Number of protein chains: 2
Amino acid sequence: MVGQLKPHIFFHSNIDSPDEWRAALATEFEDFTFSVGREIASPESVDVALIWTLPDDGLERFVNLRAILSLGAGIDQLDLGRLPKHVPIARLVDASLTRTMVEYAKTAVYRYHRRFHVFERQSRNCQWTFIPPTVSAATSIGVLGLGEIGREIALALQHEGFAVHGWSRTPKKLEGVTTHTGRDGLTRMVGSSNIVLNVLPLTEETRHMLCRDLFAQFKDGACLINMGRGAHLVESDLLDAIASGKIDAATLDVAAVEPLPRSHPFWNHPGILITPHVAGTSVPMAAVVTIAANIRRAMAGECLLHQVDSDRAHRV
Amino acid sequence: MVGQLKPHIFFHSNIDSPDEWRAALATEFEDFTFSVGREIASPESVDVALIWTLPDDGLERFVNLRAILSLGAGIDQLDLGRLPKHVPIARLVDASLTRTMVEYAKTAVYRYHRRFHVFERQSRNCQWTFIPPTVSAATSIGVLGLGEIGREIALALQHEGFAVHGWSRTPKKLEGVTTHTGRDGLTRMVGSSNIVLNVLPLTEETRHMLCRDLFAQFKDGACLINMGRGAHLVESDLLDAIASGKIDAATLDVAAVEPLPRSHPFWNHPGILITPHVAGTSVPMAAVVTIAANIRRAMAGECLLHQVDSDRAHRV
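Rules used throughout
- Residues numbered from 1 in each chain as written.
- Chains lettered and ligands numbered in written order.
- Predicted model: local features only at pLDDT ≥ 70, side-chain atom pairs only at ≥ 80, totals over all residues.
- Heavy atoms only, no water.
- Contact = heavy atoms within 4.5 Å.
- Salt bridge = Lys/Arg side-chain N within 4 Å of Asp/Glu carboxyl O.
- Polar contact = N/O pair within 3.5 Å; in protein donor to acceptor, adjacent residues only side chain to side chain.
- Helix = DSSP H or I, 4+ residues; strand = E, 2+ residues; numbered from the N terminus.
- Buried < 20%, exposed > 50% of the residue type's maximum accessible area, 1.4 Å probe, protein only.
- Axes fitted to C-alpha atoms, helices over the stretch in contact; angles between N-to-C directions.
- Parallel < 35°, antiparallel > 145°, perpendicular 65-115°, else oblique.
- Left-handed = near helix turned anticlockwise from the far one by under 90°.
- Nonpolar A, V, L, I, M, F, W, Y, C, P; charged D, E, K, R; others polar.
- Least-squares fit on C-alpha atoms with pLDDT ≥ 70 in both.
- pLDDT = per-residue confidence, 0-100.
- Phe/Tyr/Trp six-rings, centres within 6.5 Å; stacked < 30°, edge-to-face > 60°.
- Pairing = 2+ DSSP bridges.
- Bend = angle between axes of the 7 residues up to and from the residue.

K.L.:
Even after reading the chapter, I still don't get the interface of chain A and chain B, so can you show me in this structure?
P.N.:
With 50 residues of chain A at the interface, the matching set in chain B holds 50 residues. With a closest N to O distance of 3.6 Å, Arg111(A) and Glu120(B) form a salt bridge. The interface formed by chain A and chain B includes 20 residue pairs in polar contact (both at pLDDT 80 or more). If you list the elements that add at least two residues to the side of chain A that touches chain B, you get helix 2 (95–113), helix 3 (116–124) and strand 12 (272–274) of chain A.

Structure representation (structure tokens):
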């Protein structure tokens, strides 16, 4: 039965490779239609939209659409108001995406822990100043967000020997990780963290959470890593916090406007490292297993894996 | 008996803290003399020299010296010709030193694996260019030297999922690591490594091993991490290899002359990160266990732990 499914899949992304996804889907479906771009012979036959962002002309022409499958762990990059109502939406929860996020977190955390950001500056300034290394247990890391990804990041950093705290909207338990919730828990956590790492989902509650008020609670000289969304951060407040010395340095994988405009003050800032939204990517050959399962569910009219609760919108 | 030992310890280092070492030794010996600097009341009563480098006036005045204990994993920083003959010398093999070396290796390796060195450059040049992340299994690392430290680095990187190769003078076996020996093995290993990481001891055989001839065998665009000694590297050959594009970038924790002179071309070089000999440091409170064991052995006239074979000089 499964082999006889002939799904028509519409694909749209500015960062994922259509060729890789087509090849990956071919390992799951004997017969399928894969449409990319504007010219689609019979839009009414499209069953599933596999997308990162919305195409300019939206999805309205796909009148028989059964599911919208995000190519990312979040769906906030999709303009929810422009999506056809009553079509179920799913996030992509995928081990290869989680793993690349965990590796990015380790890269950014070790860079601060071992002061490589200072040595980069010293290298440019012809300066040889010894800074003794510290053990990982002496570096305290506060992870904001303990969903599938935040949880794996917290556990991986704990495994590296760091002192890890985690904060989430709802109470969570994680072995070896001190967990917090609520506004008081947030204040406690950021006040004791050498590095604050954000992987919260973007919701109305978390928008602009990384702002002046929260930075005032940070430990002096802390570092910030934003792997969430650009809209979590009030960018001018970060510039002020670095200028005052409250925050030592920041690694930002996301920005309010991407690509970051050339005139933005984050560029060439001695305390800020910009990475061009590279923290997490799904490897199609691995992630296709989850995507194919959701295509089969959509074709069978079943509810989706990691389906987004439309009432809670982005609140995951 | 052990509690009644009253060793006289002479301490000399430009990077280790005498106060921390005195406090650490106090946890092991009830009664001991700890001398630092030139003015020592009775040099003939000094039993043990605990040193990183040699003091300007050498150790000759300590006529009853029973042992020279290095504060480092190597002894090449000591001018062997200036050491009193027939006094046994030991390297410091210590878990806290090994651990800081392993963490440094992870920091430097992840930085290249996740292209943070490219993003640092892009950040300075206001450039947002997406580079898709790759999985750790796709990054091949060649570890030069499989002694106590190299072995732990290779295993830790293998545990992170990297494809790890190792090369040593004598054949070694390491689970999950492809090991090589001999000149052919060396050529094979560097030819298939995205990152070559050096932790060899400095000997007459390994001096200037990282040179033009070896770089010619490297994979195009490989990265080099030198955590060994400055004299392993022919510095001008590295500059040529980067200029030609053969080597993409290098992280150097050691230099032929330290501190690296201000006029050196490595400073402010876009492909080179200098770290000021910070890869490994012993935490006195941890390392004192090994040092105290060797002080007891020296006082009892026994051979030392990790004693250096004087015939093989630096060959460890």
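K.L.:
Explain the pattern of salt bridges to me, please; I cannot follow it from the model alone.
P.N.:
It is possible for side chains of opposite charge to pair when their charged atoms get near one another. Residues and elements named next belong to chain A. For the coordinates displayed, the defined rule picks out 36 salt bridges over all chains. Across the pair Arg66 and Asp47 runs a salt bridge, and its minimum N-O distance is 3.2 Å. Remark: Asp47 occurs in the loop between strand 2 (33–36) and strand 3 (48–51) and Arg66 occurs in the loop between strand 3 and strand 4 (67–70); sequence separation between them is 19 residues. Given a relative accessible area of 35%, Arg66 falls into the partly exposed group.

K.L.:
Sorry, what's going on with the packing of helix 2 of chain A against helix 2 (residues 95–113) of chain B here?
P.N.:
For any two helices packed against each other, the geometry comes down to the angle between their axes and how far apart the axes lie. The contact between helix 2 of chain A and helix 2 of chain B brings their axes to 9 Å, and the two run at 125 degrees. With respect to helix 2 of chain B, the axis of helix 2 of chain A lies oblique. For the pair helix 2 of chain A and helix 2 of chain B, the crossing hand works out as left-handed. Contacts between helix 2 of chain A and helix 2 of chain B involve Glu103(A), Lys106(A), Thr107(A), Tyr110(A), Arg111(A) and His113(A) from the first element and Glu103(B), Lys106(B), Thr107(B), Tyr110(B), Arg111(B) and His113(B) from the second. Classifying every residue of the contact of helix 2 of chain A with helix 2 of chain B by side-chain character gives two nonpolar, four polar and six charged.

K.L.:
How should the relation of the copies chain A and chain B be read in this particular structure?
P.N.:
Between the two chain copies there is a screw-like relation: a rotation about an axis and a shift along it. Mapping chain A onto chain B is achieved by rotating through 180 degrees and translating by 0.1 Å along the same axis, at an RMSD of 0.1 Å. On this basis, the relationship between the two copies can be described by a two-fold rotation axis. Among all C-alpha atoms of chain A, that of Thr107(A) lies closest to the rotation axis, at 3.2 Å. When you check the interface residues of chain A against chain B, 100% turn up at the interface there too, and the contact is symmetric in its surfaces.

K.L.:
How should the confidence of the model for chain A be read in this particular structure?
P.N.:
When pLDDT is low, close inspection of the predicted coordinates is not appropriate. All names here are of chain A. Mean pLDDT over chain A: 93, with 97% of residues reaching 70 or higher. Under a pLDDT of 50 for its full length, residues 312–316 has, in the predicted model, 15 contacts with residues more than four places off or in other chains. Quick note on the complex model: pTM equals 0.86, ipTM equals 0.85.

K.L.:
Whenever I open this one, the packing of aromatic side chains confuses me. Can you help?
P.N.:
Any aromatic ring pair is given by two values, namely how distant the centres are and how the planes are angled relative to each other. Summed over all chains, the structure comprises 13 aromatic pairs over all chains. Residues Phe10(A) and Phe62(A) carry aromatic rings whose centres are separated by 4.7 Å and whose planes lie at 45 degrees to one another, so their mutual orientation is tilted. Of this pair, Phe10(A) sits in strand 1 (residues 8–12) while Phe62(A) sits in the loop between strand 3 and strand 4, placing them 52 residues apart in sequence. In this structure, Phe10(A) and Phe62(A) share a single accessibility class: buried. Through a chain of ring-to-ring contacts, three or more aromatic side chains come together here, namely Tyr104(A), Phe116(B) and Phe119(B).

K.L.:
Mind showing me how you'd approach helix 3 of chain A here?
P.N.:
Residues and elements named next belong to chain A. The element helix 3 is largely enclosed, with a buried count of seven among its nine residues. Listing the buried residues of helix 3 in full gives Phe116, His117, Val118, Phe119, Glu120, Gln122 and Ser123. Of the residues one or two after helix 3, Cys126 is the one with positive phi, at around 55 degrees.

K.L.:
What is the right way to look at the side chain of His8(A) in this model?
P.N.:
Residue and element names in this part refer to chain A. Structurally, His8 is set in strand 1. A polar contact is formed between the side chain of His8 and the side chain of Ser45, at a distance of 2.7 Å. Leaving out residues up to four positions away in the same chain, His8 has contacts with Thr33, Ser35, Ile40, Ser42, Ser45, Val46, Asp47 and Val48.

K.L.:
Looking at this structure, I do not really get the sheet that holds strand 6 (residues 140–144) of chain B. What am I missing?
P.N.:
In a beta sheet, neighbouring strands are held together by backbone hydrogen bonds and run either parallel or antiparallel to one another. Residues and elements named next belong to chain B. Spatially, 8-7-6-9-10-11-12 is the arrangement adopted by the seven strands of the open sheet, whose pairing is parallel. The open sheet has two free edges, formed respectively by strand 8 (178–180) and strand 12 (272–274), since each of these has just one partner strand. Taking the axes of each pair of neighbouring strands and ignoring which way they run, one obtains an average angle of 15 degrees across the sheet. The strands touched by helix 5 (residues 182–191) are strand 6, strand 7 (163–167), strand 8 and strand 9 (195–198); relative to strand 7, the strand with the most contacts, the crossing angle is about 155 degrees. Contacting strand 10 (222–226), strand 11 (247–252) and strand 12, helix 7 (residues 235–243) runs over the sheet at an angle of about 145 degrees to strand 11.

K.L.:
When you look at helix 8 (residues 284–299) of chain A in this model, what are you seeing that I'm missing?
P.N.:
Since the α-helix advances by 3.6 residues per turn, residues separated by three or four positions end up pointing in the same direction. All names here are of chain A. A maximum bend of about 30 degrees is found in helix 8 at Thr290. Within the sequence span of helix 8, burial applies to Pro284, Ala287, Val288, Thr290, Ile291, Ala292, Asn294, Ile295, Ala298 and Met299. Buried residues in helix 8 make contact with strand 1, helix 1 (18–26), strand 3, strand 4, strand 5 (89–90) and helix 2. One or two positions beyond helix 8, positive phi appears at Gly301, with a value near 75 degrees.

K.L.:
Sorry, what's going on with unusual backbone geometry here?
P.N.:
Across the chain, the bulk of peptide bonds are trans and the bulk of non-glycine residues have phi less than zero. Residues and elements named next belong to chain A. Omega for the peptide link from Glu258 to Pro259 comes to -10 degrees, which places this bond in the cis form. Checked against the element boundaries, Pro259 lands in the loop between strand 11 (247–252) and strand 12. We note that Arg115 has phi near 60 degrees; this positive angle belongs to a residue other than glycine. Relative to the elements of secondary structure, Arg115 occurs in the loop between helix 2 and helix 3.

K.L.:
I keep staring at the environment of Lys85(A) and nothing clicks. Help me out?
P.N.:
Residue and element names in this part refer to chain A. By the secondary structure assignment, Lys85 is in the loop between strand 4 and strand 5. Among the residues examined, Lys85 registers a relative accessible area of 63% and is labelled exposed. C-alpha of Lys85 to C-alpha of Leu186: the two residues are 101 residues apart in sequence and 36 Å apart in space.

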